[in-house]
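Residues per chain, in single letters:
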Amino acid sequence: MQKQLTSFLRGAIVPVVILLVWEACARAGLVSPIVLPAPSAVAAKWWEALLSGELVHDSIASLYRVVVGFVVGAALALPMGLLMGSSQRLYGLFNPLLQLLRPIPPIAYIPLAILWFGLGNPPSVFLIAIGAFFPVLMNTIAGVRHVDGIYLRAAHNLGVGQLALFTRVILPAATPYILAGVRIGIGTAFIVVIVSEMIAVNDGLGYRILEAREFMWSDKIIAGMITIGLLGLVLDSAMNALNNHLLRWHRGLEH
Amino acid sequence: MQQQQIVVGDVQKVFRTQERDVVALKDINLTINQGEFVCLLGPSGCGKSTLLNAIAGFSLPSSGSILVDGRPVSAPGPERGMVFQEYALFPWMTVAQNVAFGLEVKGMAKADIAARVDNLLDKLHLKDFRNRFPKDLSGGMRQRVAIARVLAMDSPIMLMDEPFGALDALTRRNLQDELLRIWAEFGKTIIFVTHSIEESSYLADRIVVMTYRPGTVKRDHHVTLPRPRDPSCTEFNELKRELGQLVMEEQQRHAAAEMRLAAVD
């Protein structure tokens, strides 16, 4: 407890000093509030947006897109990765195409996304799904390929059939890799959601930042950015907790 | 009367590598009766594990036949339960889940599985560890779980590939005694691979000493010492001396071959 408190306090030193210097510069009139508003102004704006419900609404809208897009992308990537990881033939068939498509950033799909899906959530979900698809796919393939042969031998010895081998041996054995891919995928989804909200929708944190820019509300822009940071932190912590739970059997660093 | 259970006939196994073919097993003929405890003994590279893997069905012989209860071996199966040196427990399953897994995939009723698992965990002193993951167990404990997993399948044959090789001496003796107890209680046929002369002398009814490359049967020795065996008695040490000579001859051929290979490289 004592230790946690000290480490928390130590971690707070740098941000607090930066905030104080920033506040002092803004109050002394060294920079224009449009270029860099004072942190107190940002905090006030953030509080105001929170109380009005706008912030909550936007956060939920963004999170909804992240979740739906991610689920779509991962739900396609997972079975495909399992099949490609375990079948050399399927791997040979699909891998060249995937290697060509993988480097294309999801953002490059924006024009097509609007052409294909119009405006609103669908193009946004599509872009996020693409962003989440590749990391989950690549890691699932790697995970399946790295399953230790001894588990397969033990399973065969116990008379395990093909389906159970997949669901109860290969899938759990590949879980550490898959979860690493999921984590990267969520990170990508989070980047893509902000960009996609700047093009085709009229709510969400990305939209709100862009809107504030048009009115030169710098305090609101920064308040939006900080919200994105907080949401990302929450999402990553949740992911971390899930990771620790699902991999509680894993030896981790001891291995 | 004793029944022939495993019949290995003229088995040959050749591993093809890019530079050369390695004859791992040559002209192996072996008949193992039901309930026998057989040790395959020899230095590394004598093909003892290769033979075990062939009987297990993991890697079939290049020629010759292996019959188990009259049927040729063509694939791994639960009637020939394997205990691996590396334990090969599924790390994402608890102790109880590991033991139950083979029965679940077989489609046994839940209540029957639970009863059988409880019974085995009790017998192998694993009751208090049933909800632990393998990573939280010592090597000896893990190997007990692996043995319980095979016993759960009710396999008539247990194949053991240097199962106690990675354990310290005290744990090892402890598990050897436990294995003998299980063997006596369940009436399994056991084929046990080891390079330890002491271990094979302590455990086996019959010790098959194998030669280094190509792997052939050098000596098929029936052990007549009564159980429990006292490793400090004269007869035991005579047995060890005799086996030791046989194994050391092969070990020297192994060492000489390694030197030759190193010189070629």
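Above this text is the structure in question.
In this text, all values refer to a predicted model and were calculated from it rather than measured experimentally. (Residues numbered from 1 in each chain as written. Chains lettered and ligands numbered in written order. Predicted model: local features only at pLDDT ≥ 70, side-chain atom pairs only at ≥ 80, totals over all residues. Heavy atoms only, no water.)

A few words on the overall build of chain A. The number of helices and strands found in chain A is 10 helices and zero strands. Helices (α) and strands (β) of chain A occur, in sequence order from the N terminus, as α-α-α-α-α-α-α-α-α-α. Here the C-alpha radius of gyration of chain A, 23 Å, is well above what a compact globule of 255 residues would show, namely 18 Å. Seen through its principal axes, chain A has C-alpha atoms that stretch 75 × 55 × 30 Å. For chain A, the accessible area works out to roughly 14,200 Å², and carbon and sulfur atoms hold 71% of it. (Helix = DSSP H or I, 4+ residues; strand = E, 2+ residues; numbered from the N terminus. Rg over C-alpha atoms; globule rule 2.2 N^0.38 Å. Areas by Shrake-Rupley, 256 points an atom, 1.4 Å probe, with all protein chains shown as cover.)

Let us now look at the nonpolar core. Soluble globular proteins: nonpolar side chains tend toward being buried together. Val 8, Phe 37, Leu 51, Phe 90, Met 158 and Phe 192 of chain B are the most contacted members of the largest nonpolar core, which totals 139 residues. A per-element tally of this core places helix α8 (residues 162–197) of chain A first, with 16 residues. Those residues in contact with Leu 51 of chain B that sit more than four places away from it in its chain are Val 8, Leu 25, Ile 28, Leu 30, Leu 40 and Met 210 of chain B. (Core = buried A, V, L, I, M, F, W, Y, C linked by side-chain atoms within 4.5 Å. Buried < 20%, exposed > 50% of the residue type's maximum accessible area, 1.4 Å probe, protein only. Contact = heavy atoms within 4.5 Å.)

This next bit is on the interface of chain A and chain B. Taken together, the 19 residues of chain A in the interface contact 25 residues of chain B. Between chain A and chain B, a total of about 2,100 Å² is buried, with carbon and sulfur atoms accounting for 68% of that surface. Of all residues in chain A, the largest losses of buried area upon contact with chain B belong to Asn 157, Leu 158 and Trp 249 of chain A, amounting jointly to 35% of the total for that side. The tally of links between chain A and chain B comes to one salt bridge. The residue Glu 104 of chain B makes a salt bridge to Arg 168 of chain A at a minimum N-O spacing of 2.6 Å. (Buried area = accessible area lost by both parts, 1.4 Å probe. Salt bridge = Lys/Arg side-chain N within 4 Å of Asp/Glu carboxyl O.)

Let us look at empty space enclosed by the protein. Residue and element names in this part refer to chain A. Counting across every chain of the model gives one cavity of 30 Å³ or more. The volume enclosed by the largest cavity comes to roughly 100 Å³. For the largest cavity, the full set of lining residues is Lys 45, Trp 46, Ala 49, Glu 54, Leu 55, Asp 58, Leu 205, Arg 208, Ile 209, Lys 220, Ala 223 and Gly 224. Elements supplying a minimum of two residues to the lining of the largest cavity: α2 (39–52), α3 (54–86), α9 (205–214) and α10 (218–246). (1 Å grid on protein atoms, 1.4 Å probe; cavity = no way out; pocket = protein on both sides within 12 Å on 5 of 7 lines; lining within 4 Å. Points joined across faces, edges and corners; volume = space filled by probe spheres on them.)

Let's shift gears to the packing of aromatic side chains. Taken as a whole and judged by the stated rule, the model has 14 aromatic pairs over all chains. Ring centres of Phe 117 of chain A and Phe 126 of chain A lie 4.9 Å apart, and the angle between their planes is 40°; this geometry places the pair in the tilted category. Relative to Phe 134 of chain A, the ring of Phe 133 of chain A has its centre 5.0 Å away and its plane inclined at 85°; by these criteria the two rings are edge-to-face. The class for Phe 134 of chain A is buried, based on a relative accessible area of 10%. A connected cluster of aromatic rings, assembled from ring pairs, spans Tyr 151 and Trp 249 of chain A together with Phe 90, Trp 92 and Phe 101 of chain B. For Arg 153 of chain A, the ring lying beneath its charged end belongs to Phe 58 of chain B, and the centroid distance is 4.7 Å. The ring of Tyr 202 of chain B carries Arg 173 of chain B above its face, with NZ or CZ at 3.9 Å from the centroid. (Phe/Tyr/Trp six-rings, centres within 6.5 Å; stacked < 30°, edge-to-face > 60°. Lys NZ or Arg CZ within 6 Å of the ring centre and 35° of its normal.)

With that settled, the discussion passes to the sheet that holds strand β4 (residues 63–68) of chain B. Residues and elements named next belong to chain B. Spatially, the four strands line up as an open sheet ordered β2-β1-β4-β5, and their pairing is antiparallel. Sheet topology places β2 (21–33) and β5 (71–72) at the edges, where each strand pairs with a single neighbour. The pairing of strand β1 (residues 4–16) with β4 spans five bridges and is antiparallel. When the bridges of β4 are listed, Val 7 appears paired with Leu 67. (Pairing = 2+ DSSP bridges.)

With that out of the way, let us pick up the side chain of Thr 227 of chain A. Along the chain, Thr 227 of chain A falls in helix α10. According to the relative accessible area criterion, Thr 227 of chain A is buried, its value standing at 5%.

Assignment of secondary structure puts Arg 213 of chain A in helix α9. For the pair Arg 213 of chain A and Asp 148 of chain A, spaced 65 residues apart in sequence, the C-alpha to C-alpha distance is 53 Å.

So, about the state of the cysteines. All names here are of chain B. Going through the model one piece at a time under the given rule, you end up with zero disulfides over all chains. Of the cysteine sulfurs around Cys 39, a residue in no disulfide, the closest is that of Cys 46, at 12 Å. Looking at the unpaired Cys 233, the closest cysteine sulfur is the one in Cys 39, lying at 17 Å. (Disulfide = S-S within 2.5 Å.)

Before going further, it helps to examine the sheet that holds strand β3 (residues 37–41) of chain B. Residues and elements named next belong to chain B. Sheet architecture is open: six strands sit in the order β6-β7-β8-β3-β9-β10, paired in mixed fashion. Lying at the two open borders of the sheet, with one neighbouring strand each, are β6 (80–83) and β10 (217–222). Averaged over all pairs of adjacent strands, the angle between strand axes in this sheet comes to 15°, irrespective of strand direction. Here four bridges tie β3 to strand β9 (residues 206–210), and the two strands are oriented parallel to one another. In the sheet register, Val 38 faces β9, and the bridge partner there is Arg 206. (Axes fitted to C-alpha atoms, helices over the stretch in contact; angles between N-to-C directions.)

Take the side chain of Asn 95 of chain A next. Examined against the element boundaries, Asn 95 of chain A turns out to sit in helix α4 (residues 88–101). When near neighbours in sequence (up to four residues on either side) are disregarded, Asn 95 of chain A contacts Met 84, Leu 90 and Met 138 of chain A.

This part covers helix α7 (residues 149–157) of chain A. Spacing of three or four residues puts side chains on the same side of an α-helix, whose turn is 3.6 residues. Those residues of α7 of chain A not exposed but buried are Ile 150, Tyr 151, Ala 154, Ala 155 and Asn 157 of chain A. Looking straight down α7 of chain A, one finds that the buried residues subtend no more than 160° of arc, so they occupy a single side. The secondary structure elements touched by the buried residues of α7 of chain A are α8 of chain A together with β6 and α4 (139–152) of chain B. Backbone geometry just downstream of α7 of chain A places Gly 159 of chain A in the positive-phi region, at approximately 80°. (Arc of directions from axis to C-beta.)

As a further point, take unusual backbone geometry. All names here are of chain B. For the bond from Arg 213 to Pro 214, the omega torsion is -5°, close enough to zero to count as cis. Tracing the sequence through the fold places Pro 214 in the loop between β9 and β10. Backbone torsion omega between Arg 227 and Pro 228 reads -5°, so that peptide bond is classified as cis. Tracing the backbone through its elements, the reader meets Pro 228 in the loop between β10 and α7 (234–264). With a phi angle near 55°, Ala 88 is a residue other than glycine that sits in the positive phi range. Mapped onto the elements, Ala 88 comes out in the loop between β6 and α2 (95–106). One non-glycine residue, His 125, adopts positive backbone phi at about 55°.

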